Amino acid sequence: MVGKFGGMLNKTFENGDPIEVYDNAICILKMKSGVIGTGTFSWTYYGKEDNSTTLYMENGIIRIYDDPKYQIIIVDKNGKEEKLEVEAIQTNDNQTSTGVIDKFVDAIINNKKSEITAEDGAISIKVVKSIMKSIDDKKEIEIL
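Residues numbered from 1 in each chain as written. Predicted model: local features only at pLDDT ≥ 70, side-chain atom pairs only at ≥ 80, totals over all residues. Heavy atoms only, no water.

Caption draft 1: Looking closely at helix H2 (residues 118-137). For H2, built from 20 residues, the straight-helix expectation of 28 Å at 1.5 Å per residue is met to within 8% by its first-to-last C-alpha distance of 28 Å. Every buried residue belonging to H2 is among Ser-130, Ile-131, Ser-134 and Ile-135, and all of these are buried. End-on, the buried residues of H2 take up no more than an arc of 135 degrees, which puts them together on one face. Along H2, the residues that are exposed and aim more than 90 degrees away from the buried face are Ala-118, Glu-119, Ile-125 and Lys-129. (Helix = DSSP H or I, 4+ residues; strand = E, 2+ residues; numbered from the N terminus. Expected span 1.5 Å × (residues − 1). Buried < 20%, exposed > 50% of the residue type's maximum accessible area, 1.4 Å probe, protein only. Arc of directions from axis to C-beta.)

Caption draft 2: A look at the environment of Val-100. Note on placement: Val-100 falls in helix H1 (residues 100-109). By relative accessible area, Val-100 is classed as partly exposed at 47%. Taking the C-alpha atoms as reference points, Val-100 and Gly-34, 66 residues apart in sequence, are found 31 Å from one another.

Caption draft 3: Quick peek at the pattern of salt bridges. What the rule picks out here adds up to five salt bridges. For Lys-112, the salt bridge identified is with Asp-106, shortest N-O distance 2.7 Å. Accessibility expressed as a relative area gives 48% for Lys-112, which makes it partly exposed. (Salt bridge = Lys/Arg side-chain N within 4 Å of Asp/Glu carboxyl O.)

That's the geometry; what it means functionally is another story.
Given below as structure tokens:
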């Protein structure tokens with residue numbers, strides 16, 4: 001099940017015409033198991049770019065790329081923190097190789113099974129399209 005809010009705020013083509021795609025969206029996803037997830041997505045940022053992610057879970061949280069020194073911070077429900085330094089986040093100005101494309105190409109060339117299957121990709125696209133449909137139709141929809 002997916003619910004949503006979204007809209008176009010200020011993304012335009014170079015000629016000033018609006019880009020007809022949501023540049024802001026907030027969604028709530030509820031799994032069959034009852035697990036609830038939320039997402040807030042925006043292309044509209046002013047000043048410093050923010051690509052951070054926070055995962056709120058039963059036994060704590062994981063903060064990803066919201067601290068300049070420690071790219072991953074794990075906080076358990078008792079407040080104990082583990083801080084990890086990994087590579088810097090990719091931004092529009094800092095693009096590095098994650099190895100995902102390399103593994104995909106290797107799977108094709110060497111006739112291997114890809115770690116991320118076409119089915120995985122199709123499910124992701126189905127969720128995104130469902131979020132967009134939910135926004136357009138202004139109602140919750142069930143993803144089958």
